[in-house]
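Here is how the chains run, residue by residue.
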Amino acid sequence: MAPTLSKLATRRSLTGAVAIGVFVWLLKKRARKPPARTRNAYPTNDIHYVIKEERPKGPKAQVNATFFRQLRQLLSLGIPGLFSAEAGFIVLVAFSLISRSLCDLWLIHITTMIENCIVNTNRELFKKRLVTLLSVIPLVSVVNNVLKYSIGEVKLRLRTNITHHLLDQYLKGFTYYKMNNLDSRIANPDQLLTTDVDKFCDSCTDLYSNIAKPALDICIYVYRLTSNLGGKTPLLMLTYLIAAGGFLTHLRKPLGQMTVKEQKLEGEFRHINSRLITNSEEVAFYQGNTREKLTLLASFHKLTAHLRKLLEFRVIMGVADNFIAKYLASIVGFYAVSIPFFEKNHPILSGSTDHRFRNYYEYGRMLVKLAEAIGRLVLAGREMTRLAGLTARVTEIKDVLRDLNNGKYQRTMVTDAKTSSIGAPGAGTIIPRDNIIRFDKVPLVTPNGDVLIRELTFEVKSGINVLVCGPNGCGKSSLFRILGELWPVWGGTITKPPRGKLFYIPQRPYMTLGTLRDQVIYPHTQAEMIRRGNAKDEDLQKFLDLVQLNHLLERENQGNSHGQGWDTVADWMDVLSGGEKQRIAMARLFYHKPQFAILDECTSAVSVDVEDSMYTYCRSAQITLFTVSHRRSLWKHHEYYLQMDGRGNFEFQPIQPDTEEFGS
């Protein structure tokens, strides 16, 4: 009867497994074929896009010597030293793990004794041991929560230190600009600096606890079992650990590279969404919502296709993990614990049946804990493979930031242009000197390697305003980017004031997040304004009067019930009109009062009379101007013109009273 029922149960289990397998296969087949409406309405297969330039594929993220070297370098950023607070919390985690393992060992012993009292109907001893358990449980709870707190604190401190280091490098000089405009290795630094660093710290800390606790448990239980059951039982389990761990690690190799690709596609999808937000006005004018939707869906389709492939791989690995690290480990454990009980004359067999049962129960629980520890250690390889992918991602941005701060760029077209006679990025010389700007045989070369002017030579001293003109693409913006040290100098010599004495105002000025005062004194803070003694609020109000924006302060005072005025916080990019933004930028120029200022069509939305008063004040404040503008009314405020024809030629001459209109 029993064998028949067993066969029937086995048969039903196999039938159920086959049915589930067929059902999953049908779901998978249907999932790969999107609905007809979606296919017809959003044909994303013909939508192609490139986020920056494709890089040659580097080495795959795997658990190897490279991974451990990269992990050590990142941990050295997160843990500054042996006597740092971070190292102290790691030690606290270690002590908490040891305490928790000892608590587990004690709980196994006391629960075995309690259950033995129940079986033997010993009420008095049962009550006594139950009170003992009740008195120790609060301490066990404290140990568990101290472990959680210390692990959380280690995560937070790792992320804080690594993020501070990366942001220091990212915002050092113009590195953030160079990464997005001169170097093509990283397409989405925001993804790397936020999500990837967070996931790396979580994975790294979890891996520490997931490896340290099982390893400690294995040592404790192997010692206890060896001293009581002999060496065969733990030796068999450890042999299984090595064999199963090596096999599963080999199967998980693709997971590291798949994690890298997952983070890259997530970053692309986020970048395309943020790009639409940044350019929403232009897209709206063109009514390009349908085309942008196709691009977003194409990016999302690439992401979901990869996530589905990753999910399928994880399911397959989950089956292997459950079978090898859980169920098969339990079978090996049962066999291992039975060895001393089936041996003749083993010391554990001495005594009564009740004594043997208690030994089997206690050591069996230890062996179960040993098997669980071995299983967790085997499964930790899965987390280590994922950590390898995250480590490769964070190491990538760390290395790129280091290269950029050392003046090393990688861009396909720049690399191809290095063989030309122009020179190479960074081959030119910059000499800091006050009250003069001199270009001596400096080539104007774009980051893509396009040569706009082979040798540009001119000299401007303080007090000589220059009007820069020429057709689009002739090199006006390139000149200012090289002058502002945003682009590398390919050759020749540039003599210019230090960065703080050269100011740039674009056609669409940037408004920072903050108060009305912050808009005028940007990039200074209020504390810097007070410390430097550049100006007071009364002086800032005079600057607003000069650009005829005194109504702005009055408007904010009237519109704010608290009368904050200068301390009013708003989204100034939306609050101010185009002309108001340009006039705020000019007030910003008056506040900083640099030696030289570059005005790039920055008065196009300002009336002629206001523009004239602003240029007159710059003359009285001894601010020398480089102006890009096509307004004829500005000629009288300049002494020289620098004209570029867009074909590699330029002309630097004084402006004569009868000068005709320059090239547009």
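Scroll up to find the structure.
Everything in this summary refers to the structure shown in the same document.

Parameters and conventions
- Residues numbered from 1 in each chain as written.
- Predicted model: local features only at pLDDT ≥ 70, side-chain atom pairs only at ≥ 80, totals over all residues.
- Heavy atoms only, no water.
- Helix = DSSP H or I, 4+ residues; strand = E, 2+ residues; numbered from the N terminus.
- Expected span 1.5 Å × (residues − 1).
- Buried < 20%, exposed > 50% of the residue type's maximum accessible area, 1.4 Å probe, protein only.
- Pairing = 2+ DSSP bridges.
- Axes fitted to C-alpha atoms, helices over the stretch in contact; angles between N-to-C directions.
- Phe/Tyr/Trp six-rings, centres within 6.5 Å; stacked < 30°, edge-to-face > 60°.
- Core = buried A, V, L, I, M, F, W, Y, C linked by side-chain atoms within 4.5 Å.
- Contact = heavy atoms within 4.5 Å.
- Salt bridge = Lys/Arg side-chain N within 4 Å of Asp/Glu carboxyl O.

Attention shifts here to unusual backbone geometry. The omega angle of the peptide bond from Tyr522 to Pro523 is 10°, so this bond is cis rather than trans. Its location among the elements puts Pro523 in the loop between helix H15 (516-521) and helix H16 (526-532). A positive phi angle is found at Glu601, which is not glycine, with a value near 50°. Mapped onto the elements of the fold, Glu601 is located in the loop between strand S9 (596-600) and helix H21 (608-620). Phi is positive for Gln622, close to 60°, though the residue is something other than glycine. Positionally, Gln622 belongs in the loop between H21 and strand S10 (624-628).

On to helix H9 (residues 253-278), then. Under the 1.5 Å per step criterion, the end-to-end length of H9 is 39 Å for 26 residues, consistent within 8% with the ideal 38 Å. Taken residue by residue, H9 has Leu255, Gly256, Met258, Thr259, Val260, Glu262, Gln263, Leu265, Gly267, Glu268 and Ile272 as its buried positions.

This part covers the sheet that holds S10. Sheet architecture is open: 6 strands sit in the order S6-S9-S10-S4-S11-S12, paired in mixed fashion. The open sheet has two free edges, formed respectively by strand S6 (502-505) and strand S12 (650-654), since each of these has just one partner strand. If you compare each strand with its neighbour and ignore which way they point, the axes differ by 15° on average. One ladder, built from 4 bridges, connects strand S4 (residues 466-469) with strand S11 (residues 640-644); its direction is parallel. Of the residues in S11, the one forming a bridge with Val466 is Tyr640.

Attention shifts here to the packing of aromatic side chains. Under the defined criterion, the tally for this structure stands at 12 aromatic pairs. Ring centres of Phe480 and Phe626 lie 6.5 Å apart, and the angle between their planes is 80°; this geometry places the pair in the edge-to-face category. With Phe480 in helix H14 (residues 476-483) and Phe626 in strand S10, this pair connects stretches of sequence that are 146 residues apart. By the burial criterion, Phe480 is buried, and Phe626 matches it. Grouped by ring-pair contacts, the aromatic residues Phe439, Phe458, Phe480, Phe596, Phe626, Tyr640 and Phe652 constitute a single cluster.

Quick look at the nonpolar core now. Grouped together as the largest cluster of nonpolar side chains are 64 residues, with contacts concentrated most on Phe200, Phe439, Phe458, Leu479, Phe626 and Leu642. Looking at this core, the element that brings in the most residues is helix H12 (residues 353-405), giving 10 residues. Excluding anything up to four places from it in sequence, Leu642 contacts Leu456, Phe458, Val466, Leu467, Val468, Cys469, Leu479, Phe650, Glu651 and Phe652. Residues Ala535, Val547, Met586 and Met614 belong to the second largest nonpolar core, which totals 37 residues.

A few words now on the pattern of salt bridges. Evaluation of the coordinates by the stated rule reveals 21 salt bridges. Here Arg185 and Asp403 are joined by a salt bridge, their closest N and O atoms 2.9 Å apart. Linking Arg185 in the loop between helix H6 (175-181) and helix H7 (189-229) with Asp403 in helix H12, this pair joins segments that are 218 residues apart in sequence. In this structure, Arg185 and Asp403 share a single accessibility class: buried. When the shortest N-O distance is used, the salt bridge between Arg517 and Asp567 registers 2.7 Å. Residue Arg517 is located in helix H15, and its partner Asp567 is located in the loop between helix H18 (550-559) and strand S8 (569-570); the two are separated by 50 residues in the primary sequence. On the accessibility criterion, Arg517 (3% relative accessible area) is buried.

Shape is all these values report; function is a separate question.
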